[in-house]
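Observations on the model geometry
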Amino acid sequence: MQPLYINGAARIGANLSVNSEKSRVLIDEPDYTQYIEKRKLRRMDRRSRFALHTAYAALEEAKVDVIDGVIMGVGQTISKLVDGMLRKMIEQEEGLTTPTNFMNSLLGTGAGQVALQLSCNGYSNTHVQRGFSTESALIDAALQLRQNPAQNIVVGGLNVTHESYNELSKNYGHLAENISGQVERQVGEGAAAFLVSGESSGQTQ
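Residues numbered from 1 in each chain as written. Predicted model: local features only at pLDDT ≥ 70, side-chain atom pairs only at ≥ 80, totals over all residues. Heavy atoms only, no water.

1. What about the sheet that holds strand S1 (residues 5-12)?
Reading across the sheet, the five strands line up as S1-S7-S5-S3-S4 and stay open at both edges, with mixed pairing between neighbours. Among the strands making up the open sheet, the edge pair consists of S1 and strand S4 (123-127). Across the sheet, the mean angle from the axis of one strand to that of its neighbour is 15°, orientation sign disregarded. Here helix H2 (residues 46-62) sits on the sheet in contact with S1, strand S3 (69-74), strand S5 (152-159) and strand S7 (190-197), set at roughly 140° to S1. (Pairing = 2+ DSSP bridges. Helix = DSSP H or I, 4+ residues; strand = E, 2+ residues; numbered from the N terminus. Axes fitted to C-alpha atoms, helices over the stretch in contact; angles between N-to-C directions. Contact = heavy atoms within 4.5 Å.)

Following this line, the structure appears as structure tokens:
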């Protein structure tokens with residue numbers, strides 16, 4: 001297997017000390033305007049915000065400006081926007097939705113936004129195997145780097161929750177119904193991004 005060198009890394013995660021909801025753990029929101037313009041931020045879904053913030057921070061740590069590819073793993077496969085659109089279509093009998101809502105509902109939106117903002121015309125892919133998504137993204141990156149080890153590829157893992165997530169996850173069989181009373185189960189959200197290459201640098205971790 002092609003070796004992967006992590007030349008930059010960043011994450012945003014939950015602040016467990018301030019989360020009061022037992023059913024889900026929300027992230028400690030960072031200052032997105034550090035890397036994203038306010039006018040662009042207003043039109044972005046949370047998944048894209050997570051992806052861009054962590055990708056820019058990882059690139060800053062790696063001291064790299066140009067990337068050759070973006071590969072994301074998305075653990076949550078039930079988007080809030082999809083849920084909202086389908087509910088409106090059924091409950092309010094809406095036949096059409098706005099293009100922005102539809103585009104932001106796609107699971108590949110995070111990788112697409114990173115590629116767009118960083119002017120990357122190279123390989124872009126999103127894996128959605130729930131708990132194995134980030135692992136699949138890393139394997140994908142290793143396969144890409146086997147062809148050209150000099151590439152710099154952003155690899156990330158994203159997860160976003162919403163109010164209906166637990167209910168929908170149980171309906172789809174994603175969450176076990178019967179678990180031990182000694183186990184406290186919480187669904188969390190967060191993101192991590194790595195700038196990986198087949199060649200080490202002075203920033204290699």
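On we go.
2. Things to note about the pattern of salt bridges
Pairing is possible between side chains that carry opposite charge, provided their charged atoms lie close to one another. Following the criterion strictly, the structure yields four salt bridges and no others. For Asp 45, the salt bridge is made with Arg 47, and the minimal N-O distance between the two is 3.9 Å. A network of salt bridges, in which partner residues are shared, links Glu 29, Arg 46 and Glu 189. (Salt bridge = Lys/Arg side-chain N within 4 Å of Asp/Glu carboxyl O.)

3. Notes on H2
Given a rise of 1.5 Å per residue, 17 residues ought to cover 24 Å, and the 24 Å separating the end C-alpha atoms of H2 matches this to within 8%. Within H2, twelve of the 17 residues are buried, leaving the element largely enclosed by the surrounding structure. Burial in H2 covers these residues: Arg 47, Ser 48, Phe 50, Ala 51, Leu 52, His 53, Thr 54, Ala 55, Ala 57, Ala 58, Leu 59 and Ala 62. At the N-terminal end of H2, a side-chain oxygen is found 3.3 Å from the backbone nitrogen of Arg 47, two or three residues along, and the residue is Asp 45. (Expected span 1.5 Å × (residues − 1). Buried < 20%, exposed > 50% of the residue type's maximum accessible area, 1.4 Å probe, protein only. Polar contact = N/O pair within 3.5 Å; in protein donor to acceptor, adjacent residues only side chain to side chain.)

4. Considerations on the packing of aromatic side chains
According to the stated counting rule, one finds one aromatic pair in the structure shown. Taken together, a centroid distance of 5.8 Å and an interplanar angle of 10° make the contact between Tyr 35 and Tyr 56 stacked. Residue Tyr 35 is found in the loop between strand S2 (24-25) and helix H1 (38-41), and its partner Tyr 56 is found in helix H2; the two are separated by 21 residues along the sequence. (Phe/Tyr/Trp six-rings, centres within 6.5 Å; stacked < 30°, edge-to-face > 60°.)

5. Regarding the confidence of the model for the chain
Summary statistics for the chain give a mean pLDDT of 82 and a share of 74% for residues scoring 70 or more. Within the chain, helix H4 (residues 99-105) has the poorest average pLDDT of any element, 62, and S3 the best, 95. (pLDDT = per-residue confidence, 0-100.)

6. Observations concerning the pairing of S7
For S7, the buried fraction is high: six of the eight residues fall into the buried class. Across seven bridges, the pairing between S1 and S7 is antiparallel. Considered in S7, the bridge of Tyr 5 is made with Ser 197.

7. Re the environment of Thr 126
Within the secondary structure, Thr 126 is located in strand S4. With relative accessibility at 21%, the residue Thr 126 sits in the partly exposed group. Sequence-wise, Thr 126 and Thr 109 are 17 residues apart; in three dimensions their C-alpha atoms are separated by 8.9 Å. Discounting residues that sit within four places of it in the chain, Thr 126 has contacts with Met 72, Val 74, Leu 107, Gly 108 and Ala 111.

8. A word on helix H6 (residues 133-147)
Helix length check: H6 (15 residues) gives 22 Å between terminal C-alpha atoms against 21 Å at 1.5 Å per residue, within 8%. Taken residue by residue, H6 has Ser 133, Ser 136, Ala 137, Asp 140, Ala 141, Ala 142, Gln 144 and Leu 145 as its buried positions. Next to the buried residues of H6 lie S3, S4, S5 and S7.

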